[in-house]
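# Observations on the model geometry
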Amino acid sequence: MTEDTKARPSRGGRAGRSGTKAKAPAKTKAPAAAPDAVLVEAVGEAPGLTLAQAEAAAAGEEFTFEQLGLSEPVLQATRDAGYRSPTPIQREAIPLALKGRDLMGLAQTGTGKTASFSIPIIERLTGGPSRTRALILTPTRELCQQVEESFKKYGKHAGLSVISVYGGVGYEPQTVALRGGVDVVVATPGRLIDHIEKQNVSFDELEVLVLDEADRMLDMGFMPQIQKVIAALHPYRQTLLFSATMPPEVEALARKILRKPVVVQVGRRSQAATTVKHYVYPVPKQKKTELLAQLLSAEAMDSVLVFTRTKHGADKVVTRLHASNIAAEALHADKSQSQREAALKHFKEGKVRVLVATDIAQRGLDISGISHVINYDVPQQAEDYVHRIGRTGRAAKNGDAYTFMCADEIAMVRTIERVIGQEIPRISVAGYDFGT
Ligand code: AMP
């Protein structure tokens with residue numbers, strides 16, 4: 001099934017929480033799903049500051065990776081990566097995961113959540129027997145590759161081996177690597193099941209399981225595969241579950257597989273990154289491409305991620321941008337793996353300034369330095385708006401998020417505003433706004 005046709009479970013109730021504004025750090029209740037859960041801390045956000053800055057400012061000092069008690073090889077890797085201090089999720093999750101606790105991390109992508117599970121796993125595995133001791137399940141191949149890269153980045157001085165296993169590519173190299181033995185496997189559930197069934201991989205020695213972006217995996221219909229994988233694992237293991245949202249399906253899964261978890265929540269669940277400036281452009285549907293081309297020519301936009309609702313829409317926007325001499329590439333599920341990789345590579349390297357993507361690309365993609373996210377179509381779910389604009393303003397960077405709103409989409413924009421707890425300023429461009 002593709003991202004265009006996939007029916008997604010409703011996330012009822014969100015839109016009703018109107019008028020909530022960003023507040024100072026506050027304790028919130030643990031989700032009802034995990035009765036054993038102890039909420040450690042819900043870290044709030046101060047307007048205009050990144051989470052890390054707000055925390056450091058509140059403490060009057062900068063928190064360091066050294067204070068987390070990490071080993072020198074991992075500390076060196078964080079220095080190599082240019083990180084000055086742990087993000088809030090890292091500060092909370094790393095010490096708990098190092099102690100072996102099960103964890104439920106409520107954090108969207110862009111908060112530094114990948115390091116918050118990779119670093120403790122690297123610490124745990126370093127120097128141990130060379131067996132597959134950690135498994136990370138992710139919803140998409142792109143996220144799979146990014147998690148693999150993270151392990152390589154943070155574990156580069158620790159000498160661990162990691163492989164990513166996902167569909168859409170040949171089995172042979174994965175089979176050879178899995179059979180050869182590897183410390184960490186990062187996998188999408190479907191392809192992993194194939195390898196388990198072919199007995200290419202053994203999880204007899206598995207110590208840590210991570211479910212990354214659990215909500216997205218369930219949205220994509222991976223529940224049966226996840227259950228099958230878990231059935232193949234040792235029951236005495238550490239389990240870390242990360243999710244941006246907590247729909248009932250994820251709560252039920254968490255209750256089933258986590259043992260006395262600690263819940264770590266960063267920001268409000270539906271809160272958009274505060275480093276992002278949002279704007280809505282009212283524009284008739286048939287003028288959207290023209291407006292896009294105009295903005296791309298007029299404004300200093302370094303790297304722009306454009307989201308369309310459908311694959312066909314993405315291709316159409318790319319064709320029209322080409323007609324205006326603007327280099328752009330499309331990223332969606334109908335593209336082959338090599339086309340998707342090439343598009344991402346060109347975008348990351350700055351060869352192509354504009355990447356036009358469908359929602360499959362909205363989460364997990366680690367493309368640093370995106371200056372603008374443009375919602376060519378208003379997302380159908382308010383949560384998706386938060387995830388899409390999470391592509392810009394990642395970590396400590398600033399970014400702008402523009403949403404093109406035609407008449408049919410006014411109600412959806414209002415819903416989004418209620419969910420994120422802020423009004424999005426309208427920008428009227430002469431000749432494009434309704435009736436001008
Ligand atoms: P993630 O939420 O894991 O997708 O990470 C988002 C981005 O933040 C990635 O580009 C990371 O390289 C970056 N990042 C992670 N931890 C830190 C940190 N402590 N300081 C600065 N950037 C970070």
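Residues numbered from 1 in each chain as written. Predicted model: local features only at pLDDT ≥ 70, side-chain atom pairs only at ≥ 80, totals over all residues. Heavy atoms only, no water.

### Description of the site of the ligand
Close contacts around the ligand come from 16 residues, with Y83, Q90, G110, G112 and T114 the closest. In this structure, a nitrogen atom belonging to the ligand sits 2.7 Å away from a side-chain N or O atom of Q90. Contact distances for the ligand include 3.3 Å between an oxygen atom and a backbone N or O atom of K113. Considering the ligand on its own, with 500 Å² of exposed area, one finds that the protein chains cover 86% of that surface. Each of domain 1 (38-266) and domain 2 (276-420) accounts for three or more of the residues forming the shell around the ligand. (Near = heavy atom within 4 Å. Polar contact = N/O pair within 3.5 Å; in protein donor to acceptor, adjacent residues only side chain to side chain. Areas by Shrake-Rupley, 256 points an atom, 1.4 Å probe, with all protein chains shown as cover. Domains from an automatic or database assignment.)

### As for the pattern of salt bridges
Applying the stated criterion across every chain, the model contains 15 salt bridges. Taking the shortest distance from any N to any O, the salt bridge between E72 and R79 comes out at 2.3 Å. Look at E72 and you get partly exposed, because its relative accessible area is 45%. E197 is the salt-bridge partner of K228, the closest N and O atoms lying 2.9 Å from each other. With K228 in helix 9 (residues 223-231) and E197 in helix 7 (residues 189-197), this pair connects stretches of sequence that are 31 residues apart. Using a relative accessible area of 47% as the deciding quantity, one classes K228 as partly exposed. Among the residues examined, E197 registers a relative accessible area of 51% and is labelled exposed. (Salt bridge = Lys/Arg side-chain N within 4 Å of Asp/Glu carboxyl O. Buried < 20%, exposed > 50% of the residue type's maximum accessible area, 1.4 Å probe, protein only. Helix = DSSP H or I, 4+ residues; strand = E, 2+ residues; numbered from the N terminus.)

### Section: the packing of aromatic side chains
For the structure on display, the rule yields seven aromatic pairs. Put simply, the rings of Y279, Y281, Y376, Y402 and F404 pair up and form one aromatic cluster. Across from the ring centre of Y171, 3.7 Å away, lies the NZ or CZ of K198, which sits over that ring. One cation-aromatic arrangement involves K288 over Y376; the distance from NZ or CZ to the ring centre is 5.8 Å. (Phe/Tyr/Trp six-rings, centres within 6.5 Å; stacked < 30°, edge-to-face > 60°. Lys NZ or Arg CZ within 6 Å of the ring centre and 35° of its normal.)

### Let's talk about the packing of helix 7 against helix 9
Following both chains from N to C, one finds helix 7 and helix 9 inclined at 40 degrees, their axes separated by 9 Å at the closest point. Compared by their axis directions, helix 7 and helix 9 come out oblique. Relative to helix 9, helix 7 is oriented so that their crossing is left-handed. Contact residues: helix 7 offers P189, G190, L192, I193, I196 and E197, while helix 9 offers Q225, I226, K228 and V229. A breakdown of the residues in the contact of helix 7 with helix 9 according to their chemical character gives six nonpolar, two polar and two charged. (Axes fitted to C-alpha atoms, helices over the stretch in contact; angles between N-to-C directions. Parallel < 35°, antiparallel > 145°, perpendicular 65-115°, else oblique. Left-handed = near helix turned anticlockwise from the far one by under 90°. Contact = heavy atoms within 4.5 Å. Nonpolar A, V, L, I, M, F, W, Y, C, P; charged D, E, K, R; others polar.)

### Details of the side chain of T308
Locating T308 in the fold gives a position in the loop between strand 10 (304-307) and helix 12 (311-323). In this structure T308 comes out as buried when scored by relative accessible area, which is 0%. A polar side-chain atom of T308 sits 3.0 Å from the main-chain carbonyl oxygen of T310. Among the polar contacts made by the side chain of T308, one reaches the main-chain amide nitrogen of A314 at a distance of 3.3 Å. Leaving out residues up to four positions away in the same chain, T308 has contacts with G313, A314, V317, V356, A357, T358, D359, Y376, D377 and R388.

### Let's talk about the nonpolar core
Core analysis: the largest hydrophobic core is formed by 38 residues, its most contacted members being F117, I121, I136 and F151. The residues touching F117, leaving out its near neighbours within four places in the chain, are I136, V147, F151, V210, D212, L240 and F242. (Core = buried A, V, L, I, M, F, W, Y, C linked by side-chain atoms within 4.5 Å.)

### Re the confidence of the model for the protein
Per-residue confidence for the protein gives a mean pLDDT of 80; residues scoring 70 or more make up 79%. Note on residues 1-60: pLDDT under 50 across the span, and 122 contacts to partners over four residues away in sequence or across chains. Residue range residues 268-273 is modelled with pLDDT below 50. Its contacts to residues more than four positions away, or to other chains, number 31 contacts. (pLDDT = per-residue confidence, 0-100.)

### Describing helix 10 (residues 248-257)
By the burial criterion, the buried members of helix 10 are V250, E251, L253, A254 and I257. For helix 10, the angular spread of buried residues about the axis comes to 165 degrees, placing them on one side. Away from its buried face by more than 90 degrees, helix 10 exposes P248 and K256. On its buried side, helix 10 packs onto strand 2 (103-106), strand 6 (208-211), helix 8 (214-219), helix 9 and strand 7 (238-243). (Arc of directions from axis to C-beta.)

### What about the environment of Y154?
Locating Y154 in the fold gives a position in helix 5 (residues 141-154). Of the residues examined, Y154 reaches a relative accessible area of 5% and is grouped as buried. Sequence separation between Y154 and Q76 is 78 residues, and the spatial gap between their C-alpha atoms is 8.6 Å. Y154 has contacts with V74, A77, Y83, A115, S118, I119 and I122, leaving out every residue within four places of it along the chain. In this structure the side chain of Y154 is engaged in a polar contact, spanning 2.8 Å, whose partner is the side chain of Y83.

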